[in-house]
Amino acid sequence: PPPADDLGAELTIELQNAGFQQVRLRAYLLEPPGLTPLAAALPLAAWPSIQPHLPDHLDPALQIACAEAEAEAEPDPMPILLIAEAQP
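Residues numbered from 1 in each chain as written. Predicted model: local features only at pLDDT ≥ 70, side-chain atom pairs only at ≥ 80, totals over all residues. Heavy atoms only, no water.

Draft legend 1. Main features of the layout of surface pockets. Approximately 400 Å³ is the volume found for the largest pocket. In this structure, the largest pocket is lined by 17 residues; those nearest its centre are Asp5, Pro43, Leu44, Pro75 and Asp76. (1 Å grid on protein atoms, 1.4 Å probe; cavity = no way out; pocket = protein on both sides within 12 Å on 5 of 7 lines; lining within 4 Å. Points joined across faces, edges and corners; volume = space filled by probe spheres on them.)

Have a look at this one:
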């Protein structure tokens, strides 16, 4: 899923200004060590990109609680890996 909170937005603009197209970003937590790629990506994912996939996994009350928590969340500084893919 794409990163939330405009994480990597400046990099996307710089790549587009350099002539790259179809820029796609992925962000992964680097800590704690040993996270699976999915576990490292989900905390940084944009809520709108993951919310449609939740009905099969979470009951409606928990989905509402997650949406409210996402709306109130303030990101903490964390070490991340940001990967950009683009077409020349």
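Draft legend 2. The arrangement of helix H4 (residues 60–72) in detail. Between its first and last C-alpha, H4 extends 19 Å over 13 residues, near the 18 Å set by a 1.5 Å rise per residue. Among the residues of H4, the N-terminal cap falls to Asp59, whose side-chain oxygen and the backbone nitrogen of Ala61 are separated by 3.1 Å. (Helix = DSSP H or I, 4+ residues; strand = E, 2+ residues; numbered from the N terminus. Expected span 1.5 Å × (residues − 1). Polar contact = N/O pair within 3.5 Å; in protein donor to acceptor, adjacent residues only side chain to side chain.)

Draft legend 3. Local environment of the side chain of Arg26. Within the fold, Arg26 resides in strand S1 (residues 21–29). Buried and unpaired, Arg26 has Glu85 as its nearest opposite-charge partner, separated by 5.4 Å. The residues contacting Arg26, other than those within four sequence positions of it, are Pro1, Pro2, Pro3, Leu81, Leu82 and Ile83. (Buried < 20%, exposed > 50% of the residue type's maximum accessible area, 1.4 Å probe, protein only. Lys, Arg positive; Asp, Glu negative; His and termini not counted. Salt bridge = Lys/Arg side-chain N within 4 Å of Asp/Glu carboxyl O. Contact = heavy atoms within 4.5 Å.)

Draft legend 4. Representation of the environment of Ile50. By the secondary structure assignment, Ile50 is in helix H3 (residues 47–50). Taking C-alpha positions, Ile50 is 9.3 Å from Pro2, a pair spaced 48 residues apart along the chain. In this structure Ile50 touches Pro1, Leu42 and Ala45, once residues within four positions along its chain are discounted.

Draft legend 5. Highlighting a nonpolar patch on the surface. A cluster of nonpolar side chains, namely Leu30, Leu81 and Ile83, defines an oily patch on the protein surface of about 240 Å² accessible area. Note on placement: Leu30 falls in the loop between S1 and helix H2 (37–41). Residue Leu30 is classed as partly exposed on the basis of its relative accessible area of 46%. (Patch = residues over 30% accessible without salt bridge, like charges linked within 9 Å, V, L, I, M, F, W, Y side chains within 5 Å. Areas by Shrake-Rupley, 256 points an atom, 1.4 Å probe, with all protein chains shown as cover.)

Draft legend 6. Looking closely at the confidence of the model for the protein. Per-residue confidence for the protein averages 87 on the pLDDT scale, and 100% of its residues sit at or above 70. Helix H1 (residues 9–17) holds the highest mean pLDDT among the elements of the protein, 95, whereas H4 holds the lowest, 81. (pLDDT = per-residue confidence, 0-100.)

Draft legend 7. Expanded view of the environment of Gln16. The topology assignment puts Gln16 in helix H1. In sequence terms Gln16 and Ala86 are 70 residues apart; their C-alpha atoms lie 8.8 Å from each other.

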